[in-house]
Every structure is written in structure tokens, then in C-alpha cells.
Amino acid sequence: IMDGNGRWATARGLPRVAGHRVGARAVRRTVENAPRLGIRTLTLYAFSSDNWKRPKSEVDALMTLLRDYLRRETARCIKNGVRFRMIGRRDRLGPDLVVAIEQAERATAAGDRLDLRIAIDYSSRDLLVEAARRVAAAGTNGSTSRETFGRALAEAYHDAYGCPDVDLLIRTGGEQRLSDFLLWECAYAELAFLPVRWPDFAVADLERALTEFRSRERRFGAVADPATGTGQRAG
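Residues numbered from 1 in each chain as written. Predicted model: local features only at pLDDT ≥ 70, side-chain atom pairs only at ≥ 80, totals over all residues. Heavy atoms only, no water.

## So, the packing of aromatic side chains
Link 1 in the chain: Scanning the entire structure with this criterion turns up seven aromatic pairs.
Link 2 in the chain: Look at Tyr45 and Tyr122: their rings are 5.8 Å apart centre to centre, the planes differ by 90 degrees, and that puts the pair in the edge-to-face class. Note that Tyr45 is positioned in strand 1 (residues 41–48) and Tyr122 in strand 3 (residues 114–122), a separation of 77 residues in sequence. For the pair formed by Tyr45 and Tyr122, the shared burial category is buried.
Link 3 in the chain: Taking 4.9 Å as the distance between ring centres and 15 degrees as the angle between the ring planes, the aromatic pair formed by Trp198 and Phe201 counts as stacked. Neither residue differs from the other here; Trp198 and Phe201 are each classed as buried.
Link 4 in the chain: In textbook terms, an aromatic cluster arises when at least three aromatic residues are bridged by ring pairs, as seen for Tyr45, Tyr122 and Phe181. (Phe/Tyr/Trp six-rings, centres within 6.5 Å; stacked < 30°, edge-to-face > 60°. Helix = DSSP H or I, 4+ residues; strand = E, 2+ residues; numbered from the N terminus. Buried < 20%, exposed > 50% of the residue type's maximum accessible area, 1.4 Å probe, protein only.)

## Quick notes on the packing of helix 5 (residues 124–138) against helix 6 (residues 146–157)
Link 1 in the chain: Between helix 5 and helix 6, the least distance of the axes is 8 Å, while the angle of their chain directions is 115 degrees. The interaxial crossing formed by helix 5 with helix 6 has right-handed handedness. Every residue of helix 6 that contacts helix 5 at Leu127, Leu128, Glu130, Ala131, Ala132, Arg134 and Val135 is listed here: Phe149, Ala152, Leu153, Glu155, Ala156 and Tyr157.
Link 2 in the chain: Taken together, the residues of the contact of helix 5 with helix 6 break down into ten nonpolar, no polar and three charged. (Axes fitted to C-alpha atoms, helices over the stretch in contact; angles between N-to-C directions. Left-handed = near helix turned anticlockwise from the far one by under 90°. Contact = heavy atoms within 4.5 Å. Nonpolar A, V, L, I, M, F, W, Y, C, P; charged D, E, K, R; others polar.)

## Here's the deal with the sheet that holds strand 1
Link 1 in the chain: As summarised here, the arrangement of the three strands in space is 1-3-2, forming an open sheet in which the pairing is parallel. Either end of the sheet is taken by a strand with one partner, and the two such strands are strand 1 and strand 2 (82–87). Adjacent strand axes in the sheet meet at a mean angle of 20 degrees, parallel and antiparallel pairs treated alike.
Link 2 in the chain: For strand 1 and strand 3, the ladder comprises seven bridges, and the chain directions are parallel. For Thr41, the partnering residue across the bridge sits in strand 3 and is Asp115.
Link 3 in the chain: Relative to strand 1, helix 2 (residues 16–33) is tilted by about 165 degrees, and along the sheet it contacts strand 1, strand 2 and strand 3.
Link 4 in the chain: Along the sheet face, helix 3 (residues 56–79) touches strand 1, strand 2 and strand 3 and points at about 155 degrees away from the line of strand 1. (Pairing = 2+ DSSP bridges.)

## Structural notes on unusual backbone geometry
Link 1 in the chain: The phi dihedral of Asp121 is positive, around 50 degrees, even though this residue is not glycine.
Link 2 in the chain: With respect to the helices, strands and loops of the structure, Asp121 is situated in strand 3.
Link 3 in the chain: Relative accessible area serves as the criterion here: at 1%, Asp121 is assigned to the buried category.
Link 4 in the chain: In this structure, Leu182 is a non-glycine residue whose phi angle is positive, near 50 degrees.
Link 5 in the chain: Relative to the helices and strands, Leu182 is located in the loop between strand 4 (168–171) and strand 5 (190–193).

As C-alpha cells, this is what we get:
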């Protein structure tokens, strides 16, 4: 969860959009270094459905920034083996942004080093409701499994690749909440809340978060293994 762009800018006497522009550099750093650090799937929360409540000038600037980022970074994604996909609603986005999204998705489809998902106009609760509606419409007679519901949720995302469980959720900016992000996928996620604001998020911050994550014991609701006295180590 890329939090703190606006506060980063305000603290420096800059307009909030300046923080979003600098935050785009942190996105590039993170995406470029994620495969080297063993990350295969990276989901970035760029714009929540509730963010439409922000001033129109800021929303318009964010949408322009997202469009320009996709157009500028697609070639870099192809070079680095990054497959880009968007999750969230598309019907409320401007046509130029939708075109940029679709072009980036097609152009990077062969990427196999990193699955990069960017959440735009995203609300986990809204998608859960839509998935439930789809399951009910399919008439499963109460026999819905987690897998069936997960497929319905992926369809609600317009995501043919499904919804992988989150191992580690990192939120920058010092806030400690999920903000309607990946609620289904975060059922057993490890959480890391960092005081650093997103524009200042460095590779070293990501490395420290991963090191701390890998030291944790993950039991997924079970008890420790009696043979070893431990649960499953994150990795």
C-alpha cells in the first residue's frame, strides 16, 4: 500500500501531486528490484474507489500520471520480463487511460520474471459483493467452495490469472490499516507497517521488510509441528 505521497509533498511545501510524481520513482525502484529479491507477484495499490472523493484536480493529476507511467514504463517492463495487469474497475476510467492499460497488458503478456498488478479504482469489498452476486446467479445450490468463489472474484477483477494469496503486505506512511485492499487474499498475510513515506521507500526498506518476514513463523491456524517445535517459516 503506497501511502504518504501527499504528506511527503505537504511537508516540503509542495502540491500533493508532486508527491505522487516522486512516488512513481519509488514504484520503478521496487519493480526493478523485486525479482532479484525473490518476489514473483507484486500488487501495488495506486487508486482506491474511495479516492474519487479527493479534489478533482488531484484525481485528474493522478489519472494523467498513471497513464503517462504506463506509456513510459511498458518498454522497461518488456525488457525486464515484467507482466503488467490491472485489477479494479475500468468503467469509470478515462478512455485514454483504459487504452494505455490494455496496451500495456498486451505488450507485457509474455513477461515471466514478475507478475505486476496495479490496483486502480479498486475496492475489495465491492469486488467481494460482485463475486457473491456472480456465484448466486450461477445457482450453485449452496455448494460453493473457496476455489469457486476465488474464480468468481477473479472474474470480477477481469483477471484470468486468479487471485493469489498475499504472503506479505507492506504499508508505508505510518498508518496501520488495510484500507479495503485485498481483504480476501490477505486472510493469512503477514503485515508490515513502515513509518517511511512512499516517495522515500528505498530498496533497503524492502529488503529489511523481507528479512523480517522470513524470520516469522507462519502456522496458518495450525499448531506448531511437535517434531520440530516450530511452524512453517516464511520464505
